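Results of the structural survey
Here is how the chains run, residue by residue.
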Amino acid sequence: MDAFANRPNDLASFWMPYTANRSFKAHPRLCVSAKGMYYTAGDGRLILDGTAGLWCVNAGHGDPRIVGAIQKQAAALDYAPNFQFGHPLAFSLANRLTELFPSALKHAFFTNSGSEAVDSALKIALAYHVANGEEERTLLVGRQRGYHGSGFGGTAVGGIERNKAQFGAAVHPVDHLRHTHLPENAFSKGAPDHGGPELADDLERLVELHGASSIAAVIVEPIAGSTGVLVPPKGYLHRLRTICDKHGILLIFDEVITAFGRLGASSAADYYGIIPDIMTLAKGMTNAAVPMGAVMTSGRIYDTVVESSPAGIELFHGYTYSGHPLACAAALATLDVYREDELFENAGMLAPIWEERLHKLADRPHVVDIRNLGLIGAVELAPREGAPGARGIEAMERAFEAGLMIRVTGDTIALSPPLIISEAEIETLFSTLETVLRTID
Ligand code: PMP
């Protein structure tokens, strides 16, 4: 394995996603196995997983209960279509999800990723309005600095200009709310105090501009993760819900990161006590062991779309692998692990300890902001003059050398460990990060 890691020619063919391919292939960072909180790198070193993979391995790596369920399912039923046929696990999983999330979310549509969940959610929102006799509701509203995956719909409602620049015009009419990060809220612990309702009133302004009857849905991450952990100020999400209700606009929570225990609850909807009309899921759903996503919808949305069609197929949308048996088996086993090991509760219990230790980094070199909620944290570094993002990349590279996997977006370090982390491992994570911050210039 070590020899492989040092033979760049063997790395040439894989066009890596969201990666600086040339620099990676010159200095590869390969993981060859993983167990619990740790990866093993190509050179045999243990690497503490400070990011649960990509915010997804919430139960830690290689849990034998999940591995065993996948193996067993592969031997019993490798595949059956869910178009016009079905298999029991997909129905069981949909039922389990409706038990886990707010009871108003009564139906689950399965996808293979968060991106597919987002594009499916947007299409379902549009289909709902058509079925409801409001075809003119076609405008989708996202938020600046929102990340909703890499599909065409998700890229359009997303608020990352860099993600759009290579691909021409957005395919669907969209508008955006402002992002929720205000300078006066720097170094807030948990939800910031200032500006929540006023920021949410952006939606009222868009209603005035476009007319309520043209807006189909608003999609937000309850906490923007991939653009640097932007926790909305107090009152923001509640006010969005109120404005959506007033104008008949559907509220979509993209919970690809926030669901499955990250905030110490089943979902952000649960954590905040706000019920969206549609919720997207992925990542922690299968503990990332098999790719899977889902869209949860209210009963009203499902009933309206299904009943609008006198006979035959009601929604012309789906994927060959929607509700794949291996993914369903992995998800059901993962939900059991979350419950048996009380991992959501563990995350909730550790959150105050996490917050306190994270904020001790406030006066470390280059740190200009710290943000957190649940078991999520961000450390924003000052950009190096003339080279934005360079300090972040250096932190990521040095952390890997020091035995810690972190995620960077620009010059912001994002942290989201598996929910099995112990207090001692929280200390190791942050003391390693402190050492890393001291070594970068
Ligand atoms: N939505 C959100 C909020 C995400 O964080 C992500 C992935 N980071 C996605 C959608 C896309 O998920 P996937 O990469 O599984 O397509």
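Conventions adopted
Residues numbered from 1 in each chain as written. Predicted model: local features only at pLDDT ≥ 70, side-chain atom pairs only at ≥ 80, totals over all residues. UniProt positions renumbered as here; feature names shortened; annotations may be inferred. Pairing = 2+ DSSP bridges. Helix = DSSP H or I, 4+ residues; strand = E, 2+ residues; numbered from the N terminus. Axes fitted to C-alpha atoms, helices over the stretch in contact; angles between N-to-C directions. pLDDT = per-residue confidence, 0-100. Domains from an automatic or database assignment. Contact = placed C-beta atoms within 7 Å. Nonpolar A, V, L, I, M, F, W, Y, C, P; charged D, E, K, R; others polar. Parallel < 35°, antiparallel > 145°, perpendicular 65-115°, else oblique. Left-handed = near helix turned anticlockwise from the far one by under 90°. Near = placed C-beta within 6 Å.

Labelled according to an unreviewed UniProt entry, the protein appears under the name Aspartate aminotransferase family protein, originating from Acuticoccus sediminis. Under Cofactor (unreviewed entry), UniProt gives the following word-for-word description of the protein: "pyridoxal 5'-phosphate". Quoted straight from UniProt, the Sequence similarities (unreviewed entry) entry for the protein says "Belongs to the class-III pyridoxal-phosphate-dependent aminotransferase family."

Structural notes on the sheet that holds strand β12 (residues 376-381)
One open sheet accounts for 4 strands, arranged β11-β12-β15-β14; its pairing is antiparallel. Both outer strands of the open sheet, β11 (367-373) and β14 (407-409), are each paired with one neighbouring strand and no more. On average, adjacent strands in this sheet sit at an angle of 20° to one another, irrespective of strand direction. In the sheet, β11 pairs with β12 via 6 bridges, with the strands oriented antiparallel. When the sheet's bridge partners are listed, asparagine 372 is paired in β12 with glycine 377.

With respect to the sheet that holds strand β3 (residues 46-49)
Spatially, β1-β2-β3-β13 is the arrangement adopted by the 4 strands of the open sheet, whose pairing is mixed. The outermost strands of the open sheet, each flanked by one partner alone, are β1 (31-35) and β13 (404-405). Sheet analysis places β1 next to strand β2 (residues 38-41), joined by 4 bridges and oriented antiparallel. Paired with alanine 34 across the two strands is tyrosine 39, which belongs to β2.

Concerning the environment of glutamate 401
As for its placement among the helices and strands, glutamate 401 is situated in helix α15 (residues 390-401). Measuring from C-alpha to C-alpha, the distance between glutamate 401 and leucine 46 comes to 10 Å, with 355 residues separating the pair along the chain.

As for the confidence of the model for the protein
Looking at the protein as a whole, the pLDDT averages 96, with 98% of positions reaching at least 70. Across the interfaces of the predicted complex, the ipTM metric reaches 0.99, alongside a pTM of 0.97.

Describing unusual backbone geometry
In this structure, phenylalanine 260 takes a positive phi of about 65° despite not being glycine. A positive phi angle, near 75°, is found at histidine 366, a position not held by glycine.

With respect to the domain arrangement of the protein
When the parts of a complex come together, some accessible area is lost, and that lost area is often used as the size of the interface. Domain parsing of the protein yields domain 1 (2-59 + 341-439) and domain 2 (67-340). Each of domain 1 and domain 2 has a C-alpha centre, and the two are 26 Å apart. At the junction of the two partners, domain 1 supplies 32 residues and domain 2 supplies 29 residues. Listing elements by their share of the side of domain 1 that touches domain 2, those giving two or more residues are α3 (52-55), α14 (343-359), β11, β12 and β15 (412-415). Broken down by element, the side of domain 1 that touches domain 2 gets its largest block of residues, 7 residues, from α14. The residue inventory of the side of domain 1 that touches domain 2, partitioned by class, reads 16 nonpolar, 11 polar and 5 charged.

With respect to the packing of α14 against helix α16 (residues 423-439)
Running from N to C, α14 and α16 cross one another at 20°; their axes reach a closest spacing of 11 Å. Relative to α16, the element α14 is oriented roughly parallel. The two elements α14 and α16 meet at a crossing, and its hand is right-handed. When α14 is examined against α16, the residues Leu350, Ile353, Trp354, Arg357 and Leu358 are found in contact with a partner set consisting of Glu423, Ile426, Glu427 and Phe430. Here the contact of α14 with α16 is composed, by residue class, of 6 nonpolar, no polar and 3 charged.

Some words on the site of the ligand
Around the ligand, the surrounding shell holds 15 residues, and the nearest of these are Ser113, Gly114, Ser115, Gly149 and Val256. Here the shell around the ligand is composed, by residue class, of 6 nonpolar, 7 polar and 2 charged.

Focus on the packing of helix α6 (residues 114-131) against helix α12 (residues 299-307)
α12 packs onto α6 with a crossing angle of 60° between their chain directions and a minimal axis gap of 9 Å. Relative to α12, the element α6 lies oblique. Relative to α12, the crossing made by α6 is left-handed. Where α6 abuts α12, its residues Ile124, Ala127, Tyr128 and Ala131 lie against Ile301, Thr304 and Val305. Looking at the contact of α6 with α12 residue by residue, the classes come out as 6 nonpolar, 1 polar and no charged.

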